[in-house]
Amino acid sequence: MSTRKLSLKDKYRILTRDLEWEYSYRDYREIFKQEAFEGIKITDWSKWEDPFRLTMDAYWKYQAEKEKKLYAIFDAFAQNNGQQNVTDARYVNAIKLFLTGVSPLEYQAYNGFAHVGRQFGGVGARVACQMQSLDELRHVQTQIHAMSHYNKFFDGFQDFTHMHDRVWYLSVPKSFFDDARSAGPFEFMVAIGFSFEYVLTNLLFVPFMSGAAYNGDMATVTFGFSAQSDEARHMTLGLEIIKFLLEQHPDNVPVVQRWINKWLWRGTRVLTLVAMMMDYMLPNKVMSWKESFEVYFEEAASALFKDLARYGIEMPRYAETAILEKEHVSHQAWSIFYNYTHAAAFHTWMPDDKEMDWLSEKYPDTFDKYYRARFEHWRELERAGERYYNPTLPMLCQTCQIPMGFTEMDNPTLTAYRQSVYQGERYNFCSDGCKDIFDHEPEKYVQAWLPVHQIFQGNCGGPDIEDVLGDYYRINLGVDNMDFHGSPDEARWNAWHNLQPAEDKLKQAS
Amino acid sequence: MTIEIRTATLEPVRNTYEHIKRRFGDKPASRYQEGSYDLAPENNFHYRPLWQPDKLLNDTSRTAVVMEDWYAYRDPRQFYYGTYVQARAKLQEVTESNYAFFDKRGLADRMDDEVKEKIVRCLVPLRHAELAANMNNVSCTAYGTATVLTQAFLYNGMDRLAIAQYLSRIGLLLDGNSGDCLARAKEYWTTDPAWQGMRRYVENTLTLEDWFEIYIAQDVVLDTLVYDLIYRQFDQVITEAGGSDLAMLTEFMQEWYKDNSRWVDATLKTTLAESDHNRQLVGKWVAEWREKAATDLAPLAEIAVGEDAINASLEVLNKRLAKAGL
Ligand SMILES: [Fe+2]
Ligand SMILES: [Fe+2]
Ligand SMILES: [Zn+2]
């Protein structure tokens, strides 16, 4: 018997696509209940182009190889106390933000891709989503394992899942993913598969991993390299879903356009946290937020949307505002966190002279003009022993849930402020983007679990704010929160390296 | 002689994450523990799903089973992603060399046509049933509660896709990649009266809403019967008919089934031990699906093995359920 040679495409078709059959005992719509309700029209799932043709045996083989290497590095890192080799202990706050803010999103992605990996009627799409679900489980677990050793030597990692569900600034990424997961399966794919994984991943994932590389964090950067080929697969899946939806039916185009507008704005708001991390939390800077925004959003996205124009898709609606904001968001966000560090599970600090100069150089049009004086003033207060903390509770944007601190781009000294009234209630927004998203689906966004409202309503313990922070958030007060200077993290770091605390140095100098 | 390398020791400020410490005490934790417990979001969901507005995003009421603590479960294999893919990579390596050997030695040519046709008719159509098993287990991942369970369901789901792919490769090995065997097997699956009960059972499971009932109908009842019927009884029939080389191609399924059963049994046991409510509920589901399966699988059992085959498999299921406490 002679054996015919099969092309990769044929093989994948036979081994995966051909497993499907036409149901006759039950109706298709009983088995795929969610395919129709969003108004997306799918005429032919067989037109789905498989973005990567991996069979399970190959998947196991590649992934097992990567896992073996990755865990060997984790073991070595722990054995050699690799945490001592980061640039300085301030850096560790960037990965506290990652574990509390981003890793739980990997978990949500695992959940969400399993959901769509069950709901899509096409087996090719289902299996691709299932593999991504499995990858995302990998990411959350390997991140927990990478940070496990840091958790033993630094404060603020220890209760990350508990905090993610409660703490005010973590409701920004949490609500973002809750929003996507509570949408229908196609919107989820445009939100996460396309907008997040394809368009924005270089602005989220890459800054953290490059930050790790620049700051001697071997555990995190090794995870980053190991996840790269997973991410490459996720990106091709994200692009395929968009093309598939647009090619299936012209009526899908306006729906997809609206989702793209919404999700890129939602995404840029979440990225504010990354912006401040890049500009303020990395002792060794990779590049400025502004620079990375230019490379990874302005250049990459304009090429992408030029390509999508043939389907009738335009540049996302709020891209222009996002581009103007690149000059401001990191400084504004760091100001907010500096103000509210007593309510956060990581430390903040004011940049030193060299860092201020770097910011002036990278932001010649804005840093000296709008931010330097304020920061120098706060630094003076700290030196005088009166480190500034804002004792009030901020008002949050109903959509993105960030405290209202962003400004108008035509007048960067004026806080932006929008409102809508829905069923007699007033709702506040940080921007036109957030207001429009609310106005389109008010019945969804009025449900938002806004941390500050919840505190006022007594749902987070109390009566004092200290009770909320300590008992409800489980922040170890005086340990996890407050300025980096004077923190136990700093003291331990100095002891390992025989360094003097900054205050003592100051005292000696004067 | 032993050599002793001295390393600097630093005193850690804590042994593990707080939620792990709350469960297992203040001591260093395993990677399985840190990667599996208390990860699924439980509180303060922002929006109700548009696709199911009467529920929360991660809602424990997506099954009628009630657990005081959903993290009471434990996978006896302690699979997290890393240990899972490495275990499967090992198994697939053996499988790959079996398939290569079968191909290189032209073992298909040594089987007579009748045996081959019997494999095409009774074994290969299972590739479609395995796709349904994939969907059912992924459902349990998507709508189930607690990572200790949902991750094991995903591993199971992906394993089933792999088994569907191995079964397809058996079809390809038998006809030199022409695809004829797979086409015939699909025809059997969709039209052969012997398969229609089975297909009806499978399509019914795909419409279920309660994820724990899916687990009962698929992983407990159907899998116990099918794996006994096909990979034990039918395997013997083929061996006796001179087709013992087939065993090389189904070793994966047999090994996998042993491994997966450890987790399926542990899950069942923990659920039943929790309360009378669970015991009654699961008992009812098991009885219903067992009865359906007995009828739906009988024609297949008869053509694959013989008249008494279904009863022998039902006996195996009974023993398994009794062991779990039903
Ligand atoms: Fe990921
Ligand atoms: Fe990803
Ligand atoms: Zn907003």
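Residues numbered from 1 in each chain as written. Chains lettered and ligands numbered in written order. Predicted model: local features only at pLDDT ≥ 70, side-chain atom pairs only at ≥ 80, totals over all residues. Heavy atoms only, no water.

Asks: Could you give me a rundown of the overall build of chain B, with the residues and numbers involved?
Replies: The number of helices and strands found in chain B is 13 helices and zero strands. N-terminal to C-terminal, the α/β element order of chain B is α-α-α-α-α-α-α-α-α-α-α-α-α. Structurally, chain B occupies a C-alpha span of about 70 × 60 × 40 Å along its principal axes. Taken over 326 residues, chain B has a buried fraction of 62%. In chain B, of all internal contacts separated by at least 6 residues, the share reaching a separation of at least 24 is 76%. Split by element, the accessible area of chain B, about 12600 Å² in all, is 49% carbon and sulfur. Between the mean site of the 38 positive side-chain charges and the mean site of the 49 negative ones, chain B shows a separation of 4 Å. (Helix = DSSP H or I, 4+ residues; strand = E, 2+ residues; numbered from the N terminus. Buried < 20%, exposed > 50% of the residue type's maximum accessible area, 1.4 Å probe, protein only. Contact = heavy atoms within 4.5 Å. Areas by Shrake-Rupley, 256 points an atom, 1.4 Å probe, with all protein chains shown as cover. Lys, Arg positive; Asp, Glu negative; His and termini not counted. Charge placed at Lys NZ, Arg CZ, Asp CG, Glu CD.)

Asks: I'd like a description of the overall build of chain A, backed by residues and values.
Replies: The secondary structure content of chain A amounts to 21 helices and four strands. At 24 Å, chain A has a C-alpha radius of gyration in line with the 24 Å of a compact globule built from 510 residues. Considering only C-alpha atoms, chain A reaches an extent of 90 × 60 × 45 Å along its principal axes. Among the 510 residues that make up chain A, the fraction classed as buried is 64%. Sequence separation of at least 24 residues holds for 77% of the intrachain contacts in chain A that already meet a minimum separation of 6. Here chain A displays about 18500 Å² of accessible surface, and carbon together with sulfur accounts for 51% of that area. Taking the 53 positively charged and 71 negatively charged side chains of chain A as two groups, their mean positions are separated by 5 Å. (Rg over C-alpha atoms; globule rule 2.2 N^0.38 Å.)

Asks: Help me get a handle on the pattern of salt bridges, residues and values and all.
Replies: On inspection of all chains with the given rule, the structure shows 67 salt bridges over all chains. The residue Asp155(A) makes a salt bridge to Arg14(B) at a minimum N-O spacing of 2.8 Å. One end of the pair, Asp155(A), is in the loop between α5 (123–151) and α6 (160–164); the other, Arg14(B), is in the segment before α1 (18–24), on a second chain. On the accessibility criterion, Asp155(A) (3% relative accessible area) is buried. Arg22(B) is paired through a salt bridge with Asp159(A); the nearest N and O atoms lie 2.8 Å apart. (Salt bridge = Lys/Arg side-chain N within 4 Å of Asp/Glu carboxyl O.)

Asks: With reference to specific residues and values, describe the coordination of the iron ion (ligand 2).
Replies: Residue and element names in this part refer to chain A. Of the protein atoms, only Glu-197 (OE), Glu-197 (OE), Glu-231 (OE) and His-234 (ND1) coordinate the iron ion (ligand 2), at distances of 2.3 to 2.7 Å. Around the iron ion (ligand 2) sit four donor atoms; with metal-centred angles ranging over 52 to 123 degrees, the donor geometry is irregular. Mapping the donors of the iron ion (ligand 2) onto the primary sequence gives the spacing E-x33-E-x2-H. Separation of the iron ion (ligand 2) from the iron ion (ligand 1) amounts to 3.3 Å. With a gap of three residues between them, Glu-231 and His-234 both fall in helix α9 (residues 218–248), about one helical turn apart. Assigned by exposure class, Glu-231 and His-234 land together as buried. (Donors = N, O, S within 2.8 Å, 3.2 Å for Na, K, Ca; no water. Tetrahedral: all angles 85-135°; square planar, octahedral: opposite > 155°, others 65-115°.)

Asks: Account for the interface of chain B and chain A, naming residues and giving values.
Replies: If you look at the interface, chain B gives 92 residues, while chain A gives 98 residues. Taken together, the two surfaces of chain B and chain A that pack against each other cover about 8400 Å², and 58% of this comes from carbon and sulfur. For chain B, the biggest contributors to the area lost against chain A are His46(B), Tyr47(B) and Tyr81(B); these three give 11% of the whole. Taking the shortest distance from any N to any O, the salt bridge between Arg127(B) and Asp18(A) comes out at 3.2 Å. Elements that contribute at least two residues to the side of chain B that touches chain A include exactly α1, α2 (31–36), α3 (81–104), α4 (107–110), α6 (126–143), α7 (147–174), α8 (180–191) and α9 (193–205) of chain B. A total of 17 residues in the side of chain B that touches chain A trace back to one element, the largest contributor, which is α7(B). For the side of chain B that touches chain A, the class distribution of residues is 42 nonpolar, 28 polar and 22 charged. (Buried area = accessible area lost by both parts, 1.4 Å probe. Nonpolar A, V, L, I, M, F, W, Y, C, P; charged D, E, K, R; others polar.)

Asks: Give a description of the coordination of the iron ion (ligand 1) that names residues and reports values.
Replies: Looking at the iron ion (ligand 1), one finds its protein donor set to be Glu106(A) (OE), Glu136(A) (OE) and His139(A) (ND1), positioned 2.0 to 2.2 Å from the metal centre. Sequence spacing of the donor residues for the iron ion (ligand 1), all on one chain, is E-x29-E-x2-H.

Asks: Tell me what's going on with the environment of Gly243(B), and back it up with residues and numbers.
Replies: All names here are of chain B. Within the fold, Gly-243 resides in the loop between α10 (211–240) and α11 (246–274). Residue Gly-243 is classed as buried on the basis of its relative accessible area, which comes to 2%. On a C-alpha basis, the gap between Gly-243 and Asp-159 in space is 26 Å, while along the polypeptide they are 84 residues apart. Apart from the residues within four sequence positions on either side, Gly-243 is in contact with Met-111, Val-115 and Ile-238.

Asks: An account of empty space enclosed by the protein is needed here, citing residue identities and associated values.
Replies: Residues and elements named next belong to chain A. With the rule as written, the count across this model stands at eight cavities of 30 Å³ or more. Estimates place the volume of the largest cavity at around 130 Å³. What lines the largest cavity is Val-102, Leu-105, Glu-106, Ala-109, Glu-136, Phe-177, Phe-196, Glu-197, Thr-201, Leu-204, Phe-205 and Glu-231. The set of elements that each furnish at least two residues to the lining of the largest cavity consists of α4 (92–119) and α8 (185–214). (1 Å grid on protein atoms, 1.4 Å probe; cavity = no way out; pocket = protein on both sides within 12 Å on 5 of 7 lines; lining within 4 Å. Points joined across faces, edges and corners; volume = space filled by probe spheres on them.)

Asks: Talk me through the side chain of Arg233(A); I want residue IDs and the actual numbers.
Replies: Residue and element names in this part refer to chain A. Mapped onto the fold, Arg-233 is located in helix α9. Residue Arg-233 is classed as buried on the basis of its relative accessible area of 11%. Not counting residues up to four positions away in its chain, the partners in contact with Arg-233 are Phe-52, Leu-54, Tyr-59, Gln-63 and Asp-135.

Asks: Hey, could you go over the packing of aromatic side chains for me, with residue numbers and the actual values?
Replies: Counting across every chain of the model gives 76 aromatic pairs over all chains. Ring plane angle 85 degrees and centroid distance 6.5 Å describe the contact between Trp60(A) and Tyr84(B), whose orientation is recorded as edge-to-face. Of the two residues, Trp60(A) sits in helix α3 (residues 56–79) while Tyr84(B) sits in helix α3, which places them in two different chains. Summarising the burial analysis for this pair, Trp60(A) and Tyr84(B) share the class buried. Pairing Trp334(A) with Trp349(A) gives two aromatic rings, centres 5.4 Å apart and planes at 65 degrees, and the pair type is edge-to-face. (Phe/Tyr/Trp six-rings, centres within 6.5 Å; stacked < 30°, edge-to-face > 60°.)

Asks: Lay out the pairing of strand β3 (residues 418–422) of chain A with the relevant residues and their values.
Replies: Looking along a regular strand, one sees the side chains alternate between the two faces of the sheet. Residues and elements named next belong to chain A. One ladder, built from five bridges, connects β3 with strand β4 (residues 425–429); its direction is antiparallel. From the neighbouring strand, Gln-419 faces β4, where its bridge partner is Asn-428. In this antiparallel pair of consecutive strands, β3 and β4, the connection spans two residues, and Gln-423 shows a positive phi of 45 degrees. (Pairing = 2+ DSSP bridges.)

Asks: Explain the pairing of strand β2 (residues 411–415) of chain A to me, using residue names and the numbers behind them.
Replies: Residues and elements named next belong to chain A. Across two bridges, the pairing between strand β1 (residues 407–408) and β2 is antiparallel. Pairing of Thr-407 across the sheet is with Thr-415, part of β2. What sits between the antiparallel neighbours β1 and β2 is a turn of two residues.

Asks: Let's hear about the confidence of the model for chain B: which residues, and what values?
Replies: Of all residues in chain B, 98% attain a pLDDT of 70 or more, and the chain-wide mean is 97. Model confidence for the complex: the whole-complex pTM is 0.97, and ipTM, which rates the interface, is 0.97. (pLDDT = per-residue confidence, 0-100.)

Asks: Let's hear about helix α7 (residues 171–182) of chain A: which residues, and what values?
Replies: All names here are of chain A. The end-to-end C-alpha separation of α7 is 15 Å, in line with the 16 Å expected for twelve residues at 1.5 Å each. For α7, a buried count of twelve out of twelve residues is recorded, marking the element as mostly surrounded by other parts of the structure. Taken together, the buried residues of α7 touch α4, α6, α8, α10 (252–281), α17 (442–445) and α18 (451–456). (Expected span 1.5 Å × (residues − 1).)

Asks: Please provide a residue-by-residue account of the environment of Leu208(B), values included.
Replies: Mapped onto the elements, Leu208(B) comes out in the loop between α9 and α10. When its relative accessible area of 18% is taken as the criterion, Leu208(B) is described as buried. Along the primary structure Leu208(B) and Asn136(B) are separated by 72 residues, whereas in three dimensions their C-alpha atoms are 8.9 Å apart. Not counting the four nearest positions on each side in its chain, Leu208(B) is found in contact with Lys33(A), Glu213(B), Ile214(B), Ala217(B) and Trp289(B).

Asks: Account for a nonpolar patch on the surface, with residues named and values stated.
Replies: All names here are of chain A. Among the surface-exposed residues, Leu-393, Phe-456 and Ile-465 lie close enough to one another that they form a single nonpolar patch of about 270 Å² accessible area. By the secondary structure assignment, Ile-465 is in helix α19 (residues 465–472). For Ile-465, a relative accessible area of 32% puts it in the partly exposed group. (Patch = residues over 30% accessible without salt bridge, like charges linked within 9 Å, V, L, I, M, F, W, Y side chains within 5 Å.)

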